[in-house]
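Read off the chains here:
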Amino acid sequence: MSYRNQPDAIRALVREDAVHRDVYRSQEIFDLEMERLWRNTWIYVGHDSQVPNAGDYYSTEIARQPVIMLRDEGGKVRVLMNRCAHKGARLVSAASGRCENRLLRCPYHGWTYRLDGSIRTIPMKSGYEGTALGESPNSRGIVNVPHVENYRGFVFVRLSERGVGFREYFGDSLTSIDNMVERSPEGRLEVAGGVLRFMHDSNWKMFVENLNDTMHPMVAHESAAGTAKKLWADKPEGTPKPMAIEQFLPFVNGYSFFDQMGVHIYENGHSYTGVNFSIHSAYSAIGEYETLMEKSYGAERARAILGEVRHNTVYYPSLTIKGAIQAIRVARPIAPDKTLIESWTFRLAGAPPQLLRRTLMYTRLINAPTSVVGHDDRHCYRAIQEGLAAEGNDWVSLHRNWTARERTGLAGNYNGTSEVSMRGQYRAWQQFMAPETRP
Amino acid sequence: MSAAPDLATLTQFVYDEARLIDEKRFEEWYELFTDDGYYWMPLTRGQPDGENHTSLLYEDKLLLRVRIDRLKNPH
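In every chain, residue numbers begin from 1 and rise along the written sequence. Chains and ligands are labelled by the order in which they are written, letters from A for the one and numbers from 1 for the other. In view of the model being predicted, local features appear only for residues whose pLDDT reaches at least 70, and side-chain atom pairs are presented and counted only at 80 or more, with totals across whole chains, interfaces and linings using the full set of residues. Just so you know, side-chain values use all the structure's heavy atoms and leave hydrogens and water out.

Some details on the nonpolar core
Then, number 1: If you look at the biggest cluster of nonpolar residues, it comprises 78 residues, and the most contacted ones within it are Phe154, Phe156, Ile177, Tyr316, Ile328 and Trp429 of chain A.
Then, number 2: By the convention used here, residues are in contact when the closest approach between their heavy atoms is within 4.5 Å. For Trp429 of chain A, the contacting residues outside a window of four places in its chain are Ile10, Leu13, Val14, Val23, Ile29, Glu33, Leu37, Lys205 and Tyr316 of chain A.
Then, number 3: As used in this record, nonpolar core signifies buried Ala, Val, Leu, Ile, Met, Phe, Trp, Tyr and Cys residues forming a set joined through side-chain atoms within 4.5 Å. Each residue gets one of three labels from its accessible area relative to the maximum for its type: buried under 20%, exposed over 50%, partly exposed in between, using a 1.4 Å probe on protein chains only. Counting 25 residues, the second largest nonpolar core, distinct from the first, contains Phe248, Tyr362 and Leu365 of chain A together with Leu63 of chain B.

In structure tokens, the structure reads:
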């Protein structure tokens, strides 16, 4: 099946309660996703605390395009294409660092650039006199990514020249970032503790769909979290739980817990679980953290901030955050069956160090490539990626709790075990993949 | 107090430990650890410790018990 220049065929891959297996398997669909969905929406690059000083940079890939996030001379965070204007070489190769002399210098022929991307020097420039270099795109310096938004430290880009605005795209889903930032008594987050990178042999959308999938933890994670529960079961009543146990146990809460937790759906594919409570609700209090929060925000506001314990918020398509534990994961699609997931963790400025330790423990236990919980998810994604090669049924079910109400709009609260979040993601997918066919 | 083990003994111990894991003899491997022991696989070279910087593995005996026992689950 060919999809390029066939918007109706692309639209037909998504039904209101099911999706065609080609969305996970087709190289052509994947390429179109990178060209359309991932270019025309707002994609997470990094956090501004990763580049605190002028000249600091962090490099990554957005929709397979190499980019550099840096702090310029004026203190602003910029995102540039990681590509020399001369012959296209990648300017920086390290994941992060500091530009020597506050300049970017190509390792091949030595063209140098200021931090805003403008050309500073070209060796033996006289060799270009009388040539058309000056009128060519090669003389305009490093391409700046056209649209960059730094929302409370979270840096997003939209690669396309024209398209949906940042606030319009995310709407009120930004309140999840607000909550995470406000958990710091100083209202500031800092990336801390290293990054865990976990390669998955599966399509990026399987990871995204898992984030608000509440019907799997009690099954897929029974072996790990269920074992933790059994080991703890014979401890005397009232024994204080080690942090690890506190973090494992909620994963094997029953169906009614996850159902009553609730899921909230926004436009454009964003959502979060944990409307009413979540797996983070019952962690023990830490030291004088609450006192510090009350001092900064007043008792009532502090209580409201800490009472919001959303689990995974999905910022479709690239980012998910867990504000209550200050951990995020970023999806970097590589191929239809290959996705890199990065787990980043944050320190809450002004909070006791135990909170970071708790965060680091959580990512180690739940999200690391070595995590006994993460292993189960990865196995299931790979199982789907391989299973979908089998013919006889082209469709993947997204039916759970579908109602006709969804025909008029998806936004709102639903029971936690509904698959409405996945249906919302594919509605956004259709919108950006086949805009020509708006219903 | 006994003398510290020599390099040959320590080297052999590491080989033996690896063999236990390769052969999935996890109970015997678990018994190698003291109660306050940790199995630590750092994430980056030179990281200060396993608590204030993330690691691939930083597990006390309780977590090692979870890691081993989960394999007994039929699923």
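A few points about the pairing of strand β5 (residues 77–81) of chain A
On a regular strand, one side chain projects to one face of the sheet and the next to the other, so that they alternate.
All names here are of chain A.
Then, number 1: Here a helix means four or more residues in a row that DSSP labels H or I, a strand means two or more in a row labelled E, and each is numbered from the N terminus. Within β5, four of the five residues are buried, which leaves it mostly tucked inside the rest of the structure.
Then, number 2: Pairs of strands are assigned from DSSP output, requiring at least two bridges between the strands. In the sheet, strand β4 (residues 65–71) pairs with β5 via five bridges, with the strands oriented antiparallel. Within β5, the position partnered with Met69 by the bridge is Val79.
Then, number 3: Hairpin connection of β4 to β5: five residues between the antiparallel strands, including Gly75 at a positive phi of 90°.

Describing the packing of aromatic side chains
All names here are of chain A.
Then, number 1: Stacked, edge-to-face and tilted are the three classes for Phe, Tyr and Trp ring pairs, Trp counted by its six-membered ring, which pair at centre distances within 6.5 Å; planes under 30 degrees apart are stacked, over 60 edge-to-face, the rest tilted. Scanning all chains against the criterion turns up 24 aromatic pairs over all chains.
Then, number 2: Where Trp204 meets Tyr316, the ring centres are 6.0 Å apart and the plane angle is 45°; that geometry is what we call tilted. Of this pair, Trp204 sits in helix α6 (residues 204–211) while Tyr316 is found in the loop between β15 (313–315) and β16 (319–322), placing the two residues 112 residues apart along the sequence. When sorted by exposure, Trp204 lands in the same class as Tyr316, which is buried.
Then, number 3: Through successive ring pairs, a cluster of aromatic residues spans Trp42, Tyr44, Tyr151, Phe154, Phe156, Phe166, Tyr169, Phe170, Tyr315, Phe346 and Phe432.
Then, number 4: Cation placement over rings: the criterion is NZ of Lys or CZ of Arg within 6 Å of the ring centroid and within 35° of the ring normal. The ring of Tyr272 is capped by Arg310, whose NZ or CZ atom sits 4.0 Å from the centre of that ring.

What about a nonpolar patch on the surface?
Then, number 1: What makes a patch is a set of residues exposed beyond 30% relative accessible area and free of salt bridges, joined within 9 Å when like-charged and within 5 Å when nonpolar (Val, Leu, Ile, Met, Phe, Trp, Tyr). Per-residue and other accessible areas were derived by the Shrake-Rupley procedure at a 1.4 Å probe size, with only the shown protein chains allowed to occlude residues. For this analysis, a salt bridge means a side-chain nitrogen from Lys or Arg found within 4 Å of a carboxyl oxygen belonging to Asp or Glu. Together, Phe13, Val14 and Leu32 of chain B make up an exposed nonpolar region whose accessible area comes to about 270 Å².
Then, number 2: Turning to its location among the elements, Phe13 of chain B is positioned in helix α1 (residues 7–22).

Some words on empty space enclosed by the protein
All names here are of chain A.
Then, number 1: We place a 1 Å grid over just the protein atoms. Points where a 1.4 Å probe fits but has no way out form a cavity, open points with protein on both sides within 12 Å along at least 5 of 7 lines form a pocket, and any residue with an atom within 4 Å of a point lines it. Grid points are joined across faces, edges and corners, and a volume is the space filled by probe spheres set on the points. Taken as a whole and judged by the stated rule, the model has three cavities of 30 Å³ or more.
Then, number 2: Its boundaries defined by the atoms lining it, the largest cavity holds a volume of some 270 Å³.
Then, number 3: Considering the residues around the largest cavity, the lining is formed by 26 residues, among which Asn210, His216, His221, Arg329 and Asp377 are closest to the centre.
Then, number 4: Of all the secondary structure elements, the ones that give two or more residues to the lining of the largest cavity are β12 (189–200), α6, α13 (353–367) and α14 (374–387).

Thoughts on the pairing of strand β18 (residues 338–348) of chain A
All names here are of chain A.
Then, number 1: Burial of β18 is extensive: nine of the eleven residues sit out of reach of the surface.
Then, number 2: Pairing of β12 with β18, which is carried by nine bridges, proceeds in the antiparallel orientation. Of the residues in β18, the one forming a bridge with Glu190 is Arg347.
Then, number 3: Alignment of strand β17 (residues 327–335) against β18, held across eight bridges, turns out to be antiparallel. For Ala331, the partnering residue across the bridge sits in β18 and is Ile341.
Then, number 4: With antiparallel pairing between neighbouring strands as the criterion, β17 and β18 make up a hairpin whose turn holds two residues.

Side note on the interface of chain B and chain A
Then, number 1: Counting residues at the interface gives 19 residues for chain B and 25 residues for chain A.
Then, number 2: Across the chain B-chain A interface, the total number found is zero salt bridges.
Then, number 3: We call two N or O atoms a polar contact when they sit within 3.5 Å, provided that within protein one can donate a hydrogen and the other can accept it, with sequence-adjacent residues counted only if both atoms are side-chain atoms. Here chain B and chain A share eight residue pairs in polar contact (both at pLDDT 80 or more) between them.
Then, number 4: For the side of chain B that touches chain A, the elements supplying multiple residues, two or more each, are β2 (55–59) and α3 (61–69) of chain B.
Then, number 5: Element by element, the count of residues in the side of chain B that touches chain A is highest for α3 of chain B, at six residues.
Then, number 6: Here the side of chain B that touches chain A is composed, by residue class, of seven nonpolar, seven polar and five charged. All residues other than Ala, Val, Leu, Ile, Met, Phe, Trp, Tyr, Cys, Pro, Asp, Glu, Lys and Arg, Gly among them, are scored as polar; the first ten of these are nonpolar and the last four charged.

Topic: the packing of helix α3 (residues 27–40) of chain A against helix α15 (residues 420–433) of chain A
Residue and element names in this part refer to chain A.
Then, number 1: Where α3 contacts α15, the two axes come as close as 9 Å, and the packing angle between them is 90°. Relative to α15, the element α3 is oriented roughly perpendicular. Only Trp429, Phe432 and Met433 of α15 make contact with α3, whose side of the interface consists of Ile29, Leu32, Glu33, Arg36, Leu37 and Asn40.
Then, number 2: Of the residues belonging to the contact of α3 with α15, the class tally is six nonpolar, one polar and two charged. Simply put, an axis is a line fit to the C-alpha atoms, just over the touching stretch for a helix, and the angle between two N-to-C directions goes from 0 to 180 degrees. We call two directions roughly parallel when the angle between them is under 35 degrees, roughly antiparallel when it is over 145, roughly perpendicular when it lies between 65 and 115, and oblique otherwise.

Digging into α15 of chain A
Residues and elements named next belong to chain A.
Then, number 1: The end-to-end C-alpha distance of α15, which contains 14 residues, comes to 20 Å, matching closely the 20 Å that a straight helix rising 1.5 Å per residue would cover.
Then, number 2: A large share of α15 lies buried, amounting to twelve of its 14 residues.
Then, number 3: Those residues of α15 not exposed but buried are Val420, Ser421, Met422, Arg423, Gly424, Gln425, Tyr426, Ala428, Trp429, Gln430, Phe432 and Met433. Between the first and last residue of a helix there are one fewer steps than residues, each counted as 1.5 Å, and that sum is the expected span.

Brief notes about the packing of helix α8 (residues 222–233) of chain A against α3 of chain B
Then, number 1: Orientation of α8 of chain A relative to α3 of chain B, taken along the N-to-C sense of each, is 125°, at an axis distance of 9 Å. The angle between α8 of chain A and α3 of chain B places the two elements in the oblique class. The two elements α8 of chain A and α3 of chain B cross, and the hand of that crossing is right-handed. Contacts from Ala224, Thr227, Ala228 and Leu231 of chain A of α8 of chain A reach α3 of chain B at Leu62, Arg65, Val66 and Asp69 of chain B.
Then, number 2: Classifying every residue of the contact of α8 of chain A with α3 of chain B gives five nonpolar, one polar and two charged. Here a crossing is taken to be left-handed if its near helix is turned anticlockwise relative to the far helix by less than a right angle, and right-handed if that turn runs clockwise.

Examining the side chain of Asp377 of chain A
All names here are of chain A.
Then, number 1: In this structure, Asp377 sits in helix α14.
Then, number 2: When charges are tallied, Lys and Arg are placed among the positive residues and Asp and Glu among the negative ones, while His and the ends of the chain are skipped. Despite its burial, Asp377 pairs with no opposite charge, the nearest such side chain being Arg329 at 5.7 Å.
Then, number 3: Setting aside anything within four residues of it in sequence, one finds Asp377 in contact with Asn210, His216 and His221.

Re the sheet that holds β16 of chain A
Residue and element names in this part refer to chain A.
Then, number 1: Pairing is antiparallel in the open sheet, where eight strands are placed in the order β12-β18-β17-β16-β15-β14-β13-β20. Each of the sheet's edge strands pairs with one partner strand only, and the pair in question is β12 and β20 (412–414). Averaged over all pairs of adjacent strands, the angle between strand axes in this sheet comes to 20°, irrespective of strand direction.
Then, number 2: Each of β12, β14 (271–273), β15, β16, β17 and β18 is contacted by helix α5 (residues 175–182), which is oriented at about 45° to β16, the strand it contacts most.

Observations concerning the side chain of Asn268 of chain A
All names here are of chain A.
Then, number 1: Topologically, Asn268 is positioned in the loop between β13 (263–265) and β14.
Then, number 2: When its relative accessible area of 13% is taken as the criterion, Asn268 is described as buried.
Then, number 3: Here the side chain of Asn268 touches Tyr169 through a polar contact of 3.0 Å, landing on its backbone oxygen.
Then, number 4: Polar contacts involving the side chain of Asn268 include one to the side chain of Gln431, which spans 3.4 Å.
Then, number 5: Apart from the residues lying within four places of it in its own chain, the contact partners of Asn268 are Glu168, Tyr169, Tyr316, Ala428, Gln431 and Phe432.

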